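Observations on the model geometry
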Amino acid sequence: MSSMSEKVLVVGGGIAGLASGLALARVNSQVKILERAHTFTEVGAGVQLGPNVTRILNAWGLLPAIEEVATYPANLNARSAKSGAVLAALPLLDMTRRYGAPYITIHRADLHKVLLQEVRTQGVDLQCNTCVQNLNQDSQQVRVTSSVVEAKEDKVNAIAAAATDDQTSEEIANALVIADGVWSTLRQQLLDDGLARMTGHVAYRALVLQADLPAHLRTQDVSVWMGSKVHVVQYPVRGGEWLNVVCLTEGQLQGAALQDLQGWNLSKTPRETSADLQRALSGTCAHLQALVEACGNWRLWPLCDRPPMQSATQHAKGRVALVGDAAHPMRPYLAQGAGMAIEDAAELAHQWSALPNQDVSQRFAAFAQARWQRNARVQARAIRNGEIFHATGPLQWARDVGLRTLGERLMDMPWLYAR
Ligand SMILES: Cc1cc2nc3c(=O)[nH]c(=O)nc-3n(C[C@H](O)[C@H](O)[C@H](O)COP(=O)(O)OP(=O)(O)OC[C@H]3O[C@@H](n4cnc5c(N)ncnc54)[C@H](O)[C@@H]3O)c2cc1C
């Protein structure tokens, strides 16, 4: 059958689901996206997107809309959390000349909005309040069953909402793309390989208006402040008006239930948060402590991941493909989780249109083959970056000397950015 007339179901309307739906619609498949939340929306704060990702967004014609809400930071600075010194800097405004596309920072909700607008323009069918529970496939088609989710205030609460058993429905399609995130239930049915793992790292995230900060704390750069078992990442979003600040520490969250973890948006009392952050940042420089002190309303993300992908069979099986965090959840230390989801989407559409006369399972097998090693490499590199950022003792000393002497050469990543 030609790929033109085939129907594809996408489960999950996050960055991965929208990007996949959009990419497949652009190559003329009929796409329907099923989302559990009562509206298509995005939680979270900022994301960085390298030229490997903005190149794809540009090819989809989205860069002008992205430009209206993105920020173009001048430099990526690696800094010592203890002394505050800049150990090395990578110029980012130069990325377009070097890699043919810019390095940007953007609020996740703004990126989601641009994708959603384009998904609508492409005529994708969008259905929310739909919790997909089961999948079945044979050599001809895929069936999914879903329950209606009672409307809740927002996506975070929708995660906790009970699906009503008496309102189940069934959808049949030629292909299914699983994009239901790190806690994917459909992955369990397809691969039966257990839940994502706790990394033992926790991200505290805050957004602050730059105008509310003392002048010396305002910045249009990306900075990574590396301490002992802690690091802080800061960068501007929303045209530079806001500063996104993330403090990444080690330690489990006591008493957090699985449902809390899935909510991705835990909060503690301001006093508890402040005590946690002070403990984690003791011995760091005055600038960093002042920055963290100036931010309020911290949200918590216990970080979960999976070991790097082992084979193409973890990316697709028959008529079902996995994309984004459902396929390869990773630590945020290379800032590429959403980026890899967008790369997945582009590759999915590429194989879909390049092999129009092949069976869906052959197209998905080609997609899986093309993607798994890159995703595994990015996952592995993200784990290693975490070890480097959190190094202590002699390793920390060696890291700082390496950054001071090799600087830009260590920070630039042509293998990642040039595609
Ligand atoms: C602290 C932190 C910083 C980060 N920084 C960056 C960065 O700088 N750059 C970058 O590229 N990435 C970054 N990431 C990673 C990035 O945010 C994620 O990789 C990306 O958002 C994953 O998108 P997704 O669509 O795969 O999953 P999700 O965003 O989790 O979306 C899954 C969707 O599926 C829906 N869903 C779930 N189950 C069902 C079901 N049964 N039926 C229907 N719908 C369902 C959910 O409601 C949700 O909308 C960061 C992550 C963290 C935690």
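This text goes with the structure placed above it.
Not measured: the values here are computed from a predicted model.

Under the defined criterion, the tally for this structure stands at 19 salt bridges. Here Lys-32 makes a salt bridge to Glu-171, at a shortest N to O gap of 2.7 Å. With a gap of 139 residues between them, Lys-32 in strand β2 (residues 30-34) and Glu-171 in strand β10 (residues 163-173) connect regions that are remote in the sequence. There is no split in this pair, since Lys-32 and Glu-171 are both buried. Arg-371 serves as the salt-bridge partner of Glu-343, at 2.7 Å between the closest nitrogen and oxygen. With Glu-343 in helix α11 (residues 337-354) and Arg-371 in helix α12 (residues 360-389), the pair connects residues that are 28 residues apart, well separated along the chain. For the pair Glu-343 and Arg-371, one class covers both residues: buried. Through salt bridges with shared partners, a single network forms among Lys-7, Lys-32, Asp-125 and Glu-171.

Taken together, 32 residues surround the ligand, and among them Glu-35, Gln-48, Arg-108, Asp-325 and Ala-338 come closest. Within the backbone of Ile-15, a nitrogen or oxygen atom sits 3.2 Å from an oxygen atom of the ligand. Here a nitrogen atom of the ligand and a backbone polar atom of Val-132 are 3.0 Å apart. Listed by contribution, the elements that provide at least two residues to the shell around the ligand are α1 (15-26), β3 (46-49), β8 (130-137), β12 (197-209), β16 (299-305) and α11. Of the residues assigned to the shell around the ligand, the class counts are 14 nonpolar, 11 polar and 7 charged.

What follows deals with the pairing of strand β4 (residues 75-80). Of all 6 residues making up β4, 5 are buried, and the element is well covered by its neighbours. As defined by bridge partners, β4 adjoins strand β5 (residues 86-91) across 5 bridges and the pair is classed as antiparallel. Bridge pairing links Asn-75 to Pro-91 in β5. Sheet analysis places β4 next to strand β13 (residues 222-226), joined by 5 bridges and oriented parallel.

Glancing now at helix α9 (residues 270-280). For α9, the set of buried residues is Thr-273, Asp-276 and Leu-277. Buried residues of α9, seen end-on, are gathered within an arc of 90 degrees and therefore sit on one face of the element. Of the exposed residues in α9, the ones pointing more than 90 degrees away from its buried face are Arg-271 and Arg-279. Summarising the contacts, the buried residues of α9 are in contact with β12, β15 (242-250) and α10 (286-294).

A few words on the sheet that holds strand β14 (residues 230-237). The strand order across the open sheet formed by 7 strands is β5-β4-β13-β14-β15-β12-β16, and the pairing between neighbours is mixed. Only two strands of the sheet have a single neighbouring strand rather than two, namely β5 and β16. Across the sheet, the mean angle separating the axes of adjacent strands is 20 degrees when strand polarity is ignored. Where α9 meets the sheet, its contacts fall on β12, β14 and β15, and the angle it forms with β12 comes to roughly 110 degrees.

In this section: the packing of α11 against α12. As a packed pair, α11 and α12 sit with axes 9 Å apart at the nearest point and diverge in direction by 150 degrees. Between α11 and α12, the angle is such that the two are roughly antiparallel. Read as a crossing pair, α11 and α12 show a hand that is right-handed. Between α11 and α12, the contacting residues are Met-340, Glu-343, Asp-344, Glu-347, Leu-348, Gln-351 and Trp-352 on the first element and Val-360, Arg-363, Phe-364, Ala-366, Phe-367, Ala-370, Arg-371, Arg-374, Asn-375 and Val-378 on the second. Its residues assigned to classes, the contact of α11 with α12 comprises 9 nonpolar, 2 polar and 6 charged.

Cut-offs and rules
Residues numbered from 1 in each chain as written. Predicted model: local features only at pLDDT ≥ 70, side-chain atom pairs only at ≥ 80, totals over all residues. Heavy atoms only, no water. Salt bridge = Lys/Arg side-chain N within 4 Å of Asp/Glu carboxyl O. Helix = DSSP H or I, 4+ residues; strand = E, 2+ residues; numbered from the N terminus. Buried < 20%, exposed > 50% of the residue type's maximum accessible area, 1.4 Å probe, protein only. Near = heavy atom within 4 Å. Polar contact = N/O pair within 3.5 Å; in protein donor to acceptor, adjacent residues only side chain to side chain. Nonpolar A, V, L, I, M, F, W, Y, C, P; charged D, E, K, R; others polar. Pairing = 2+ DSSP bridges. Arc of directions from axis to C-beta. Contact = heavy atoms within 4.5 Å. Axes fitted to C-alpha atoms, helices over the stretch in contact; angles between N-to-C directions. Parallel < 35°, antiparallel > 145°, perpendicular 65-115°, else oblique. Left-handed = near helix turned anticlockwise from the far one by under 90°.

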